[in-house]
Amino acid sequence: MKSMKRVVITDYLEPPASIETQVLEGVANVECLLAKNTQELMGELTDADGIILCHEVSITREVVEELHQCKAVVRCGVGFDNIDRKAAGERGIYVCNVPDYGVDEVADHAIAMALACNRGLIKAERTLRKGLQPWDMRSIQPIFRVAGATMGIIGLGRIGGATALRAKGLRMNVQAYDPYVRAGTDKLLGVPLVGLEELLETSDIVSVHTPLTEETRKLIDASALSLMKPTAILVNTARGAVVDTDALAAALKEGQIAGAGIDVLPDEPATSDMPLIQLWQQDRQPPVNLMITPHTAFYSDAGLVEMREKAAQEIRRVLSGEMPKNCVNREFLQ
Ligand code: NAD
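Heads up: these notes are all about the structure in this document. Here the structure is a predicted model, which means the values were calculated and not measured.

### As for the layout of surface pockets
- Looking at the largest pocket, its volume works out to about 1,300 Å³.
- Lining of the largest pocket is provided by 46 residues; of these, Val78, His209, Thr210, Pro211 and Leu212 occupy positions nearest its centre.
- In terms of residue count, helix 6 (residues 158-169) provides more of the lining of the largest pocket than any other element does, three residues in total.
- Residue composition of the lining of the largest pocket, by class: 22 nonpolar, 14 polar and ten charged.
- Each of domain 1 (5-101 + 301-332) and domain 2 (103-292) contributes no fewer than three residues to the lining of the largest pocket.
- For the second largest pocket, the calculated volume is near 710 Å³.
- Considering the residues around the second largest pocket, the lining is formed by 27 residues, among which His55, Leu265, Asp267, Glu268 and His295 are closest to the centre.
- Residues that form the lining of the second largest pocket fall into these classes: twelve nonpolar, seven polar and eight charged.
- When residues of the lining of the second largest pocket are sorted by domain, at least three fall in each of domain 1 (5-101 + 301-332) and domain 2 (103-292).

### Comments concerning helix 10 (residues 245-253)
- Regarding helix 10, the residues found buried are Thr245, Ala247, Leu248, Ala249, Ala251 and Leu252.
- In this structure, the buried residues of helix 10 make contact with helix 9 (222-227), strand 9 (233-236), strand 10 (259-262), helix 11 (275-281) and strand 11 (290-292).
- In this structure Asp244 caps helix 10, since a side-chain oxygen of it lies 3.1 Å from the backbone nitrogen of Asp246.
- A positive backbone phi angle near 70 degrees is found at Gly255, which sits one or two residues after helix 10.

Cut-offs and rules
- Residue numbers run consecutively from 1 along every chain, following the written order of its sequence.
- pLDDT decides what is reported in this predicted model: residues at 70 or higher carry local features, side-chain atom pairs at 80 or more are listed and counted, and totals for whole chains, interfaces and linings draw on all residues regardless.
- Only hydrogens and water are set aside; all other atoms, that is, all heavy atoms of the structure, feed into the side-chain values.
- Definitions used for this entry: grid spacing 1 Å over protein atoms alone; cavity, a set of points where a 1.4 Å probe fits but cannot get out; pocket, an open set with protein on both sides within 12 Å along at least 5 of 7 lines; lining residue, one with an atom within 4 Å of a point.
- Grid points are joined across faces, edges and corners, and a volume is the space filled by probe spheres set on the points.
- Numbering of helices and strands starts at the N terminus; helices are DSSP runs of H or I of at least 4 residues and strands are runs of E of at least 2.
- Gly falls in the polar group here, along with every residue not listed as nonpolar (Ala, Val, Leu, Ile, Met, Phe, Trp, Tyr, Cys, Pro) or charged (Asp, Glu, Lys, Arg).
- By convention here, the domain bounds are inherited from an automatic or database domain assignment.
- The classification of residues rests on relative accessible area computed with a 1.4 Å probe and restricted to protein chains. Under 20% of the type maximum is buried, over 50% is exposed, and intermediate values are partly exposed.
- Any pair of residues with heavy atoms lying within 4.5 Å of one another is described as a contacting pair.
- N or O atoms closer than or at 3.5 Å make up a polar contact, with two conditions inside protein: a donor-capable atom paired with an acceptor-capable one, and, for residues adjacent in sequence, both atoms drawn from side chains.

Here's what the structure looks like:
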């Protein structure tokens, strides 16, 4: 009789893991560990054959050293900055992600945040709720016209590209900064590439879509924010640490930029000692033009199912001796 393997979902997803159990039927038993932090993984994964990881824990070198029979660590999502890819590769463990499940949702979310800031939805809603006044445009002035305005995309990958196409549908002029984009993407999408400084100086909406790397950490810092127009809006649906959120809080407070939509923070869940959260929670008049969502840009019912199915299918491929589809640590595999 074939022996069943053990696949562990480390965090976030609650039992019963019916989606993963169905995909891995006949290959592995699936368990949900519901770990709240990385320390809680210690001692729990030594005999795991496959790991599915969300975002509340990290697979550090220390955790990798405890993996005695693991073949694959699959990030149930796009970003894999919470996995030590090199440490895993040195032990012959594939690190994979699910790159394509939520492209539409995140692009929709970025546009929704940009329009909410631009159309004064946050300011009007917060002001009106208090006393039903003013019942006119005074609480939302000034507003620039989106059609004909300039959208600047930082990171013209899958989600950046999908956001660019949506912005074109709004009749915006779209430009992008991406030093590593596949040659010809600008032509495919009809989106000219410009330098970062030019993008920041000339865009009315700046939307961030890069991965988190050593190069992109705090890419949008105080000096980047100071280049933006005072009427401009910043949107970040990528990774929190790409934006210096303390500098963003200061820029919003001082009117250096006009608004921001933030789905991701450097530390999640947020805590009320963060200057950006304090600014957001303040009962100010006029309200600060800042929208924060709890890392939900990826989410739709269909997207969540697709993400979980694809993560489990990737584990199934590896445990069945096939090559993974979306390996992100090839350069380190030994
Ligand atoms: P992708 O790999 O398709 O695209 C990223 C792009 O960024 C690439 O074109 C790359 O060349 C570019 N890039 C890399 N370094 C850069 C730099 N220094 N400056 C400018 N551009 C740079 O990734 P994607 O699938 O489009 O995902 C984009 C981001 O969205 C990632 O950070 C991902 O983690 C995040 N994400 C967030 C959510 C959410 O719920 N908020 C969901 C999915 C993905």
